[in-house]
Amino acid sequence: MTQKNTQNHVGVDQLTFQNPVNRFPSIEPPQQHQPEPGLDEQLVPKADRGETSYRGTGRLEGRKALITGADSGIGAAVTIAFAREGAEVALNYLPAEEKDAQYLKNLLENEGHTVHLLPGDLTDREFCRSVVDQAHEAMDGLDTLVNNAGKQVVTDGLQGLSDEELEATFDVNILAIFRVTRHALNYLPAGSSIVNSTSIQAYDPSPHIMHYASTKAAINNFSKGLSQELAPKGIRVNAVAPGPIWTPLQVSDGQPKDALPQFGKNTPLGRAGQPTELAPAYVFLASSESSYVIGETLNVTGGQVSP
Ligand code: NAD
Ligand code: MG
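Residues numbered from 1 in each chain as written. Chains lettered and ligands numbered in written order. Predicted model: local features only at pLDDT ≥ 70, side-chain atom pairs only at ≥ 80, totals over all residues. Heavy atoms only, no water.

The name recorded for the protein in an unreviewed UniProt entry is SDR family oxidoreductase, from Rothia koreensis. Per UniProt, the protein has the following entry under Sequence similarities (unreviewed entry): "Belongs to the short-chain dehydrogenases/reductases (SDR) family." (UniProt positions renumbered as here; feature names shortened; annotations may be inferred.)

J.: Which residues make up the overall build of the protein, and what values do they have?
T.: On a plain count of helices and strands, the protein comes out with 7 helices and 7 strands. For the protein, the N- to C-terminal ordering of α and β elements is β-α-β-α-β-α-β-α-β-α-β-α-α-β. Computed over C-alpha atoms, the radius of gyration of the protein comes to 18 Å, within 12% of the 19 Å expected from 2.2 N^0.38 for 307 residues, which places it in the range of a compact globule. Considered along the principal axes of its C-alpha atoms, the protein spans approximately 45 × 40 × 35 Å. Going through the 307 residues of the protein one by one, you find that 55% of them count as buried. Across the protein, the fraction of contacts at a sequence separation of at least 24, relative to all contacts at a separation of at least 6, is 79%. Here the protein has roughly 12,800 Å² of accessible surface; of this, 53% comes from carbon and sulfur atoms. Where the 23 positive side-chain charges of the protein centre and where its 36 negative ones centre are 5 Å apart. (Helix = DSSP H or I, 4+ residues; strand = E, 2+ residues; numbered from the N terminus. Rg over C-alpha atoms; globule rule 2.2 N^0.38 Å. Buried < 20%, exposed > 50% of the residue type's maximum accessible area, 1.4 Å probe, protein only. Contact = heavy atoms within 4.5 Å. Areas by Shrake-Rupley, 256 points an atom, 1.4 Å probe, with all protein chains shown as cover. Lys, Arg positive; Asp, Glu negative; His and termini not counted. Charge placed at Lys NZ, Arg CZ, Asp CG, Glu CD.)

J.: An account of the packing of aromatic side chains is requested, with residue identities and associated values reported.
T.: Overall, the coordinates contain 2 aromatic pairs when judged by the stated rule. A centroid spacing of 6.0 Å and a plane angle of 50 degrees characterise the contact between W246 and F263, whose relative ring orientation is tilted. Of the two residues, W246 is situated in the loop between strand 6 (236-242) and helix 6 (248-254) and F263 in the loop between helix 6 and helix 7 (279-286); the sequence distance between them amounts to 17 residues. Pair check on accessibility: W246 and F263 agree, each one buried. (Phe/Tyr/Trp six-rings, centres within 6.5 Å; stacked < 30°, edge-to-face > 60°.)

J.: Summarise the environment of A241; cite the residues concerned and give the values.
T.: Locating A241 in the fold gives a position in strand 6. By relative accessible area, A241 is classed as buried at 0%. Considered as a pair, A241 and T198 are 43 residues apart in the sequence and their alpha carbons are 4.7 Å apart.

J.: Could you give me a rundown of the coordination of the magnesium ion (ligand 2), with the residues and numbers involved?
T.: Note on the magnesium ion (ligand 2): its protein donors are D71 (OD), S72 (OG) and E97 (OE). The metal-donor distances range over 2.1 to 2.2 Å. One chain supplies every donor to the magnesium ion (ligand 2), and in sequence these donors are spaced D-S-x24-E. Note on D71: relative accessible area 2%, which makes it buried. (Donors = N, O, S within 2.8 Å, 3.2 Å for Na, K, Ca; no water.)

J.: Which residues make up the pattern of salt bridges, and what values go with them?
T.: Under the counting rule described, the total for this entry stands at 15 salt bridges. Here K265 makes a salt bridge to E28, at a shortest N to O gap of 4.0 Å. Placement of K265 in the loop between helix 6 and helix 7 and of E28 in the segment before strand 1 (64-68) is noted, with a sequence separation of 237 residues between them. When salt bridges with common partners are traced through the structure, they connect E36, K151 and E165 into a single cluster. (Salt bridge = Lys/Arg side-chain N within 4 Å of Asp/Glu carboxyl O.)

J.: Before we move on, can you summarise helix 2 (residues 98-110) with the specific residues and values?
T.: Residues three or four positions apart in an α-helix share a direction because the helix packs 3.6 residues into each turn. End to end, helix 2 covers 18 Å across 13 residues, agreeing with the expected 18 Å (1.5 Å per residue, within 8%). Residues of helix 2 that are buried: D100, A101, L104, L107 and L108. One side of helix 2 holds all its buried residues, which, seen down the axis, span an arc of 130 degrees. Turned more than 90 degrees away from the buried face of helix 2 sit K99 and N110, all of them exposed. Elements that come into contact with the buried residues of helix 2 comprise helix 1 (73-84), strand 2 (88-93) and strand 3 (115-119). Positive backbone phi, approximately 95 degrees, marks G112, located one or two places after helix 2. (Expected span 1.5 Å × (residues − 1). Arc of directions from axis to C-beta.)

J.: With reference to specific residues and values, describe the site of ligand 1.
T.: Surrounding ligand 1, one finds 30 residues, the nearest of these being S72, E97, Y212, T247 and Q250. Here an oxygen atom of ligand 1 and a side-chain polar atom of E97 are 2.5 Å apart. A distance of 2.8 Å separates an oxygen atom of ligand 1 from a polar side-chain atom of Q250. Relative to its unbound accessible area of 800 Å², ligand 1 is 96% covered by the protein chains. Considering every element that reaches the shell around ligand 1, the biggest residue donor is helix 6, with 3 residues. Split by residue class, the shell around ligand 1 holds 12 nonpolar, 14 polar and 4 charged. (Near = heavy atom within 4 Å. Polar contact = N/O pair within 3.5 Å; in protein donor to acceptor, adjacent residues only side chain to side chain. Nonpolar A, V, L, I, M, F, W, Y, C, P; charged D, E, K, R; others polar.)

In structure tokens, the structure reads:
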């Protein structure tokens with residue numbers, strides 16, 4: 001058994017003084033395509049999920065977290081950060097993403113962390129309940145829920161949007177959040193935290209993904225509404241709104257192909273964000289240090305202005 005180590009990676013980590021403009025390179029991703037769901041393993045260039053940089057400081061010691069969409073992108077960065085902050089983690093993802101999930105499990109188990117893999121499809125109502133039950137059973141408790149799974153597929157305007165794509169997007173992005181969270185309330189004790197992944201698209205929708213953008217606005221609204229119900233019970237609900245972040249979602253039709261080389265360059269920082277740059281926001285909102293932060297959306301957008 002490896003010694004559990006939350007103090008690893010003390011070189012250039014997220015706490016080192018750095019210029020945000022060039023903390024990460026301004027990437028120009030080549031045109032590429034992956035079928036949905038994309039894999040981090042095949043992303044060009046590779047995304048940075050904090051594998052060699054995120055340093056834990058004990059902020060989630062003893063916590064038990066279920067993270068959806070945890071295999072890749074932002075979810076993977078959150079998983080790495082949560083584990084290194086001391087949390088036991090249960091990862092949900094689609095069965096087709098087993099390779100990305102196994103990579104994370106190996107990485108974190110080699111550092112001495114406890115990782116549970118719970119593959120399954122959140123468009124399945126029954127699975128939305130069973131994934132919560134499985135997480136609770138595997139960890140003998142549940143006090144942190146990160147609703148991060150999402151899908152984004154560009155369409156040719158409203159008339160190019162099929163009923164199937166419309167319904168699948170709402171199923172994964174918002175209906176599953178209602179279902180998973182509703183069931184999690186059977187287990188979450190006072191002190192628990194729920195963090196939902198929304199988007200800059202909630203305020204500034206692009207016409208070619210307006211169905212996606214609508215779900216993200218709904219997530220903001222849901223987070224604020226539920227936060228009012230749960231605050232008196234000692235459970236906090238918040239959201240994180242990423243700007244343009246380099247993840248497999250972007251190359252599995254999340255963006256028009258010809259837009260990939262310019263991805264993220266229109267931000268004031270002039271570059272796309274890397275998934276690991278999102279992790280501290282989720283850690284902050286999950287940790288008890290944010291005890292008076294409720295119904296908030298933390299925007300992590302590289303400077304794109306949000307209300
Ligand atoms: P990603 O592809 O790495 O993660 C999305 C994950 O959603 C997938 O890994 C997959 O496991 C999960 N998922 C999709 N359909 C599912 C289903 N039916 N059942 C179970 N899981 C399913 O991409 P990402 O960019 O890291 O996305 C994570 C979240 O961040 C999403 O909610 C996305 O909308 C949001 N977001 C991303 C960006 C960005 O620029 N990348 C910007 C704003 C918001
Ligand atoms: Mg994935």
